[in-house]
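As a plain string of letters, each chain reads:
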Amino acid sequence: MDAFLTSLFALLIAEMGDRPQILCAALAIRYGRAMPVILGLGLATLLNCLISAIAGSAVNQWISEDPVQLFYALSLIFAGIGMVAWRRPVDLLEKWTLGPFWTSFLGLFILQLGDKGQFILAATAARTDAWGFAAAGGWIGVMAACVPAVIFQEKLARMLPVRAIRYIGGGIFLLIGAIIALGAWGII
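Residues numbered from 1 in each chain as written. Predicted model: local features only at pLDDT ≥ 70, side-chain atom pairs only at ≥ 80, totals over all residues. Heavy atoms only, no water.

Novice: It is not clear to me how the packing of aromatic side chains should be interpreted in this structure. Could you clarify?
Specialist: Ring pairs (aromatic) are described by centroid distance and by the angle formed between their planes. The tally for this structure, following the rule as stated, stands at four aromatic pairs. For the ring pair Phe-101 and Phe-105, a centre distance of 6.1 Å and an interplane angle of 5° mean the geometry is stacked. Highlighted residues: Phe-101 and Phe-105, both in helix α5 (residues 100–112), separated by four residues, approximately one helical turn. Ring geometry for Trp-102 and Phe-105: centres 5.8 Å apart, planes at 80°, overall edge-to-face. Of this pair, Trp-102 and Phe-105 both sit in helix α5, separated by three residues, roughly a single helical turn. What makes Trp-102 partly exposed here is its relative accessible area of 47%. The class of Phe-105 is buried, set by a relative accessible area of 10%. Site record: aromatic cluster; members linked through ring pairs are Phe-101, Trp-102, Phe-105 and Phe-109. Sitting over the ring of Tyr-72, Arg-127 keeps its end group 4.3 Å from the ring centre. (Phe/Tyr/Trp six-rings, centres within 6.5 Å; stacked < 30°, edge-to-face > 60°. Helix = DSSP H or I, 4+ residues; strand = E, 2+ residues; numbered from the N terminus. Buried < 20%, exposed > 50% of the residue type's maximum accessible area, 1.4 Å probe, protein only. Lys NZ or Arg CZ within 6 Å of the ring centre and 35° of its normal.)

Here it is in C-alpha cells:
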C-alpha cells in the first residue's frame, strides 16, 4: 500500500501544471472532444507507468537498500528542481495529423518518457516489492492531474493555483529528497 499511495500522491503533485497537463488541455481544445484525448492519455500513461515500475523492480533486485534510498532521494530532488525551474514551452503538436487518439497517445507517451514522474515511479517501485501497486498509484496520480485539464482546459489555471502548487510541491520534494539522501549517506 505504501508504493501505491506514495506514487499516487507524488505523481499527482508532480504533474500539476506540468507539460503533460498543458498538452492534454491543448489537445482537448484543438479537437473539441475529451474522450479520445483521455483514452490516449490513459494508455500512454499506463505504458509509461508499467515501464517505470518494472524497471524499478529490477533495480530492487540488483542493489542494496542504501543505494535504493539514494536513488529515491535523487528522483525527488530532481523532480523538485524540475518543478521550480524554468521550462521550455510545450510543443502542442499542431502539425500532427493523426487524429485525437493517436496524437494524444503518441505525443503524451513521448512527452512522459524519461520525465520526472517516471523516475519517481521507478524509485518508488525499487523501494518495495510491489511494482504493480506503484504502477497503479502512478497511473491514477497522473490521470487525476491531467483529466481535469482535458475537461476544464484553460479554466483549470483559474480554478487552481497551479503555479503555487508547483512551487510548494517542488520545495516539498527538495526537502524530503534531501532528508532521505542524508539518511542514505548515514548523516542523519
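Novice: Would you mind showing me how to read the side chain of Thr-128 here?
Specialist: Within the secondary structure, Thr-128 is located in the loop between α6 (116–127) and α7 (131–152). You can call Thr-128 buried: its relative accessible area is 14%. Excluding residues within four positions of it along the chain, Thr-128 makes contact with Asp-2, Ala-3 and Asn-60. (Contact = heavy atoms within 4.5 Å.)

Novice: For this particular structure, what's the right way to read the pattern of salt bridges?
Specialist: Close approach of charged atoms allows side chains with opposite charge to pair. By the definition in use, this model includes three salt bridges. A salt bridge links Arg-127 to Asp-2, with the nearest nitrogen and oxygen atoms 3.4 Å apart. Of this pair, Arg-127 sits in helix α6 while Asp-2 sits in helix α1 (residues 2–15), placing them 125 residues apart in sequence. Residue Asp-18 is joined to Lys-116 by a salt bridge in which the shortest nitrogen-to-oxygen separation is 2.6 Å. Separated by 98 residues along the polypeptide, Asp-18 in the loop between α1 and α2 (19–31) and Lys-116 in helix α6 bring together distant segments of the chain. (Salt bridge = Lys/Arg side-chain N within 4 Å of Asp/Glu carboxyl O.)

Novice: Help me understand empty space enclosed by the protein in this model?
Specialist: Taking a probe equal in size to a water molecule and rolling it over the atoms shows the remaining empty space. As enumerated under the stated definition, the model contains one cavity of 30 Å³ or more in all. Its volume calculated, the largest cavity comes out at about 80 Å³. In terms of lining, the largest cavity is formed by Leu-11, Glu-15, Thr-45, Asn-48, Cys-49, Ser-52, Gln-112, Asp-115, Gly-117, Gln-118, Leu-121 and Val-142. Mapped onto the lining of the largest cavity, the elements with two or more residues apiece are α1, α3 (34–62) and α6. At four residues, α3 tops the list of elements feeding residues into the lining of the largest cavity. Within the lining of the largest cavity, the residues separate by chemical class into four nonpolar, six polar and two charged. (1 Å grid on protein atoms, 1.4 Å probe; cavity = no way out; pocket = protein on both sides within 12 Å on 5 of 7 lines; lining within 4 Å. Points joined across faces, edges and corners; volume = space filled by probe spheres on them. Nonpolar A, V, L, I, M, F, W, Y, C, P; charged D, E, K, R; others polar.)

Novice: When you look at the packing of α1 against α6 in this model, what are you seeing that I'm missing?
Specialist: Helix-helix packing: each pair is described by the crossing angle between the helix axes and the interaxial distance. In contact at an axis separation of 10 Å, α1 and α6 are set at 165° when each is read in the N-to-C sense. The angle between the axes of α1 and α6 places the two elements in the roughly antiparallel class. For α1 against α6, the interelement crossing comes out right-handed. Across from Asp-2, Ala-3, Thr-6, Ser-7, Ala-10, Leu-11, Ala-14 and Glu-15 in α1, the residues of α6 making contact are Lys-116, Gly-117, Ile-120, Leu-121, Thr-124 and Arg-127. Per-class residue counts for the contact of α1 with α6 are six nonpolar, four polar and four charged. (Axes fitted to C-alpha atoms, helices over the stretch in contact; angles between N-to-C directions. Parallel < 35°, antiparallel > 145°, perpendicular 65-115°, else oblique. Left-handed = near helix turned anticlockwise from the far one by under 90°.)

Novice: Please explain α6 as it appears in this structure.
Specialist: Residues three or four positions apart in an α-helix share a direction because the helix packs 3.6 residues into each turn. Compared with the 16 Å implied by 1.5 Å per residue over 12 residues, the 17 Å span of α6 between its first and last C-alpha is a close match. For α6, the buried fraction is high: 10 of the 12 residues fall into the buried class. Buried residues of α6: Lys-116, Gly-117, Gln-118, Ile-120, Leu-121, Ala-122, Ala-123, Thr-124, Ala-125 and Ala-126, and no others. Those residues of α6 hidden inside the fold are in contact with α1, α3, α4 (65–84), α5, α7 and α9 (162–184). (Expected span 1.5 Å × (residues − 1).)

Geometric values such as these leave the question of function open.
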